[in-house]
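Listed here are the chains, written in short residue letters.
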Amino acid sequence: MSILYVSPHPDAFPSLRALIAARYGEAGEGPGWGGAHPRISLQPPPTSRTPFPPPRLPALEQGPGGLWVWGATAVAQLLWPAGLGGPGGSRAAVLVQQWVSYADTELIPAACGATLPALGLRSSAQDPQVLDPSARRIWGNVTRWFITCVQQAEFRAVLGEVVLYSGARPLSQQPGPEAPAPPKTATQLKKEAKKREKLEKFQQKQKTQQQQPPPAEKKPKPEKRGKRDPGVITYDLPTPAGEKKDVSGAMPDSYSPQYVEAAWYPWWEQQGFFKPEYGRSSVSAPNPRGIFMMCIPPPNVTGSLHLGHALTNAIQDSLTRWHRMRGETTLWNPGCDHAGIATQVVVEKKLWRERGLSRHQLGREAFLQEVWKWKEEKGDRIYHQLKKLGSSLDWNRACFTMDPKLSAAVTEAFVRLHEEGVIYRSTRLVNWSCTLNSAISDIEVDKKELTGRTLLSVPGYKEKVEFGVLVSFAYKVQGSDSDEEEVVVATTRIETMLGDVAVAVHPKDPRYQHLKGRSLTHPFLSRSLPVVFDDFVDMEFGTGAVKITPAHDQNDYEVGQRHRLEAISIMDSRGALINVPPPFLGLPRFEARKAVLAALKERGLFRGVEDNPMVVPLCNRSKDVVEPLLRPQWYVRCGEMAQAASAAVTRGDLRILPEAHQRTWHAWMDNIRDWCISRQLWWGHRIPAYFITVSDPAVPPGEDPDGRYWVSGRSEAEAREKAAKEFGVSPDKISLQQDEDVLDTWFSSGLFPFSIFGWPNQSEDLTVFYPGTLLETGHDILFFWVARMVMLGLKLTGKLPFREVYLHAIVRDAHGRKMSKSLGNVIDPLDVIHGVSLQGLHDQLLSSNLDPSEVEKAKEGQKADFPAGIPECGTDALRFGLCAYTSQGRDINLDVNRILGYRHFCNKLWNATKFALRGLGKGFVPSPTSEPGDHESLVDRWIRSRLTEAVRLSNQGFQAYDFPAVTTAQYSFWLYELCDVYLECLKPVLNGVDQVVAECARQTLYTCLDVGLRLLSPFMPFVTEELFQRLPRRTLQAPPSLCITPYPEPSECSWKDPEAEAAMDLALSITRAVRSLRADYNLTRIRPDCFLEVADEATGALASAVSAYVQVLASAGVVAVLALGAPVPQGCAVALASDRCSVHLQLQGLVDPARELGKLQAKRSEAQRQAQRLRERRAASGYPSKVPLEVQEADRAKLQQTEAELRKVDEAIALFQKML
């Protein structure tokens, strides 16, 4: 028979708890241990039967000679039903356990019998009343808990009838000489309680009604004041721009980007920290540390930041800050591109919206004045955004590609190249935007892939236009004996058949051998179409016959050149048809598409239409369909320059990283075409070329494509002199007309690395900083910009513009999709920095140029990806996260939640530094050097060793452009080594009595903060500066800012300590094993004892040396190393820390074996079922051949995991069975 020993005292709360638990056991399925209901004893247990000193009551004896348990918690755990102890119980049962636990942990320690009356928690009378009205107002949760509990039959059986204290004493309790009244019966108490309850309800109702105003006088509810996010802390101290931030006050409780990022950048800029002259007499002063120069890829003056800019600037600024902190003469040169097409489109729209004028109505000069006015008003926006990103650019050297200095370089480059014959005039096919009325570059053409018939919106057309279909029609053979003989061709652009001049077939195609020398009849024109034989034709595609339109297709143009076919243009610059007969003459090109199709059907020549996957070229500025048109333009011969650029990479003079891009480089250079540099715009560098008219009858008039009638010059006077000399006439007989076109924006950008320093004029900057050190940009503009800089740099200066090119990945969304406004996945970096609501994201769409249907689609995309908007992450977290992402190769799938994780990392830095500063104390003085003393502890030596490794990996990673390696090393040091281990081990040391050891620890801690913040500074300039400024300095000569403080180098931090690392590795392995066991057995609030079983004396000595650290890190009780061969105490769970050390965690008395066994059996059954299902699935016929390999691999991994879980469960079952 089991016996429950309880105290006879009526206010012995622990015993009452045990009695209530026993009542639940009787009412349910029996006690949780599985035994019979215990007998209740009000006498203390006989000392002769207890194996230990007399226990506290309550105590439970599980049969003679059985298990003894004492204490309310342990006894109650055994007595109440199993359902109350875990998830298997009913909801009500779990709630009851929660109520009891609340009372046990919250109320009992604070309330004993002597203090209850003082707290108002119980009346001092004999009647069991608790919680007077004033206490109920304060202790609302306690009141609700109490009312719930006392309604339970099990509570009432033990406690009797307990009611709320009314606060009105009976007369017998008033002070006075009267004798006390006799105690009331239970029936009387019950009646009085009911009366008091009714009275309280009535009084409460009356009070509520009195507080409410009459219906006619109801006041409107006051508007809710917007709650300020408690996580947003702002810096409010008055600090004039350019003055140093005040950090003398206490640190805020938590990290706030708005607080941290305030005021630092203007101070950095004002102090000149970003200028290469800082700290030296001139930029040309010798510097043994070397020179680092990099120019920014100039963003468009019309632009605003996107994540591509953010990634570029995060990488470039990190590199720049690293080189600057290493003591190199460092220049990161800012600049902005005039963005010819983009800027002109923006200003044209503004002009039309505000004044209803086109640029042609305004005139060229007046229009250019409007553009310059807009640039002065809006053009610096991108610079302000770059500053928000913390970019450490030398703003005094900022350049604009239309500045006089850069414009002079553009003119000089054009004239030199034209004089050498590298630039020439020719009529060729170009990408033409009919909306912009200009040629555009390849990078300005978006390729829209269609799978079949698709209707697209085209500017200037009310109805959508059909694409993605292949139309077949017939040309009749001239001179054929049969009217039925024909050749069927097919095209996706049926309107271009009006410009057909031939039909091509393959020379080996047997179907058309009889047509050699024959021609076909054009149904709408008087010309004949010869049948030409050319290898480019694919015999297997369609009918094997291809219509040839040299003036409107690149392949056809090349066929026409080979066969000397006439190229007849049938479209003007606006896309209207020319050189065609009525009714097609003058029709817009896509209206003509319908008219030609109808005319072919009318003449019986239409042969069918079918879906055809195709790519439609779209102008990314105007969204117009790009047309290949023949136009006289200026071209750059690229062949020789490309060979020189390719050879530079082959020789190793120019390094392209990652090296995988070198293959692309060589492929482009080997297959390069001449570069069209003419643009039919007004905004940009007007081409310094002039068409010559000679007033001399001996000189025939020239034509546009004839290069002899074009001359270039740095001025019109120089051009006139050159023209007169060319034609052998006096200058007064020369008339010049400057080309109306401007140069491709990429031409001026290609000169950027040396034009920013005043080339062709010599200057100190040009001598010192050209060639540059590095060009860093996205791999998508390797050809459009990087290759042209290299070619033009070699050609015009004889030098490479830089020694290395590092190409970073392209940013995509979390699903790997390209950033697109229509998908709603374009992310403004400032939204990540400051945070934005979902509605705020929607509002941004409304101010864009999207169609209403696209807006709704984009909103759905935003709602799916950012249901709660984008949280505030801050600049440092964004920069760190983007650099950490660069390991993903060609594309970065950006998940904003990961950036938020780095904001939490910033908070960890903040809290760690705040704790460390408290630990250092106000009077702390760091030693003049970071060298260790003679009294460092094992953990001091270990953290210094780990810091040494972080310094090595950081420098090595920066040198190799391996940014993820750098971020990983720094993140791991701060989070997993400094915060998770060292600071925890430091707490008992700093609070200890050994001041010598404590001082050594403080010096080591300071070194960790000092070096750790310097390591992080290139990635996280704001938070590291904020924290660094709060640290004391080693010397009075220390630099004023972290951004110019020397970067930690391996020579400074050479504290590698393999012995300390081996010892702490063992400590951490043991800690992980203990934590794993505690988690397995849910010992979250208990510090169980731990026994270490070692394989040899050396491991034992090592384990003994680290046992104190294990005790702290694992929240363990006693950590004891067992002697070799000594038995392990009973009731322990075991885990391996290493092959030389096992961890035994004491569970005896801490867990209920019977309950744990029940849970484990259920878990085992479920795991067995899952494993069996997987085995049957894999054994099914056809599984190896029908199931995809990735699914098979997932099934195999799942089965292995399930089987490992089964083994672990079996080990635990065996352990608990031994404990029963």
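Residues numbered from 1 in each chain as written. Predicted model: local features only at pLDDT ≥ 70, side-chain atom pairs only at ≥ 80, totals over all residues. Heavy atoms only, no water.

In the annotation of an unreviewed UniProt entry, the entry for the protein chain reads Valine--tRNA ligase, and the organism field reads Ailuropoda melanoleuca. Checking UniProt for the protein chain, the heading Catalytic activity (unreviewed entry) contains the comment "tRNA(Val) + L-valine + ATP = L-valyl-tRNA(Val) + AMP + diphosphate". Its UniProt record, at the heading Sequence similarities (unreviewed entry), says of the protein chain: "Belongs to the class-I aminoacyl-tRNA synthetase family." (UniProt positions renumbered as here; feature names shortened; annotations may be inferred.)

Student: Can you walk me through the packing of helix α35 (residues 1058-1080) against helix α36 (residues 1097-1113) in this structure?
Tutor: When two helices pack together, their arrangement is given by the angle between their axes and by how far apart the axes lie. For the pair α35 and α36, the least separation of the axes is 8 Å and the interaxial angle reads 55 degrees. With respect to α36, the axis of α35 lies oblique. The two elements α35 and α36 meet at a crossing, and its hand is right-handed. For the pair formed by α35 and α36, the contact residues are A1062, A1063, M1064, L1066, A1067, L1068, I1070, T1071 and R1075 on the first element and T1099, L1102, A1103, V1106, Y1109, V1110 and L1113 on the second. Taken together, the residues of the contact of α35 with α36 sort by class into 13 nonpolar, two polar and one charged. (Axes fitted to C-alpha atoms, helices over the stretch in contact; angles between N-to-C directions. Helix = DSSP H or I, 4+ residues; strand = E, 2+ residues; numbered from the N terminus. Parallel < 35°, antiparallel > 145°, perpendicular 65-115°, else oblique. Left-handed = near helix turned anticlockwise from the far one by under 90°. Contact = heavy atoms within 4.5 Å. Nonpolar A, V, L, I, M, F, W, Y, C, P; charged D, E, K, R; others polar.)

Student: Looking at this structure, I do not really get helix α33 (residues 995-1016). What am I missing?
Tutor: End to end, α33 covers 31 Å across 22 residues, agreeing with the expected 32 Å (1.5 Å per residue, within 8%). Within α33, 18 of the 22 residues are buried, which leaves it mostly tucked inside the rest of the structure. With a side-chain oxygen positioned 3.2 Å from the backbone nitrogen of V996, the residue opening α33 is D994. (Expected span 1.5 Å × (residues − 1). Buried < 20%, exposed > 50% of the residue type's maximum accessible area, 1.4 Å probe, protein only. Polar contact = N/O pair within 3.5 Å; in protein donor to acceptor, adjacent residues only side chain to side chain.)

Student: Can you help me understand helix α21 (residues 716-727) in this one?
Tutor: Because an α-helix completes one turn every 3.6 residues, residues spaced three or four positions apart along the sequence face the same direction. Taking 1.5 Å as the rise per residue, α21 with twelve residues should run 16 Å; its terminal C-alpha atoms sit 17 Å apart, in good agreement. Of all the positions in α21, only A719, A723, A724 and F727 are classed as buried. All buried residues of α21 fall inside an arc of 135 degrees around its axis, so they share one side. Exposed and facing more than 90 degrees away from the buried side of α21 are A717 and K725. (Arc of directions from axis to C-beta.)

Student: Looking at this structure, I do not really get the sheet that holds strand β29 (residues 710-712). What am I missing?
Tutor: Strand pairs in the sheet, formed through backbone hydrogen bonds, run parallel or antiparallel to each other. Ordered in space as β29-β28-β30, the three strands form an open sheet in which the pairing is antiparallel. The outermost strands of the open sheet, each flanked by one partner alone, are β29 and β30 (734-738). Going across the sheet, the axis of each strand differs from the next one's by a mean of 40 degrees, ignoring polarity. Alignment of strand β28 (residues 689-694) against β29, held across three bridges, turns out to be antiparallel. Paired with Y690 across the two strands is V711, which belongs to β29. Contacting β28 and β29, helix α16 (residues 404-419) crosses the sheet at an angle of about 130 degrees to β29. (Pairing = 2+ DSSP bridges.)

Student: Just checking my understanding: could you explain the side chain of D534 for this structure?
Tutor: Relative to the helices and strands, D534 resides in the loop between β20 (528-533) and β21 (545-548). Look at D534 and you get buried, because its relative accessible area is 7%. In terms of polar contacts, D534 uses its side chain to reach the side chain of H563, at 2.9 Å. Look past the residues within four positions of D534 in its chain and what remains in contact with it is V505, H506, P507, V559, R562 and H563.

Student: Teacher, can you tell me more about the pairing of strand β18 (residues 502-505) here?
Tutor: Within a regular beta strand, the side chains point alternately toward one face of the sheet and then the other, so they alternate between its two faces. Neither face of β18 is open: one carries A502 and A504, the other V503 and V505, and all of them are buried. In this sheet, β20 lies alongside β18 in parallel orientation, the contact comprising three bridges. If you follow V505 over to β20, its bridge partner there is F533.

Student: Would you take a moment to explain the packing of aromatic side chains for this structure?
Tutor: Working definition: an aromatic ring pair is given by the centre-to-centre distance plus the angle between the planes. Throughout the structure, instances matching the rule amount to 47 aromatic pairs. Consider the rings of F467 and F590, whose centres lie 5.6 Å apart with planes at 75 degrees: the pair is edge-to-face. One end of the pair, F467, is in strand β15 (residues 465-467); the other, F590, is in helix α18 (residues 589-602), with 123 residues separating them in the sequence. Of the two residues, F467 and F590, neither departs from the other in class, the shared state being buried. R321 extends its terminal NZ or CZ atom over the ring of W268, reaching a point 4.9 Å from the ring centre. Over the aromatic face of W675 sits the side chain of R788, whose NZ or CZ is 4.1 Å from the ring centroid. (Phe/Tyr/Trp six-rings, centres within 6.5 Å; stacked < 30°, edge-to-face > 60°. Lys NZ or Arg CZ within 6 Å of the ring centre and 35° of its normal.)

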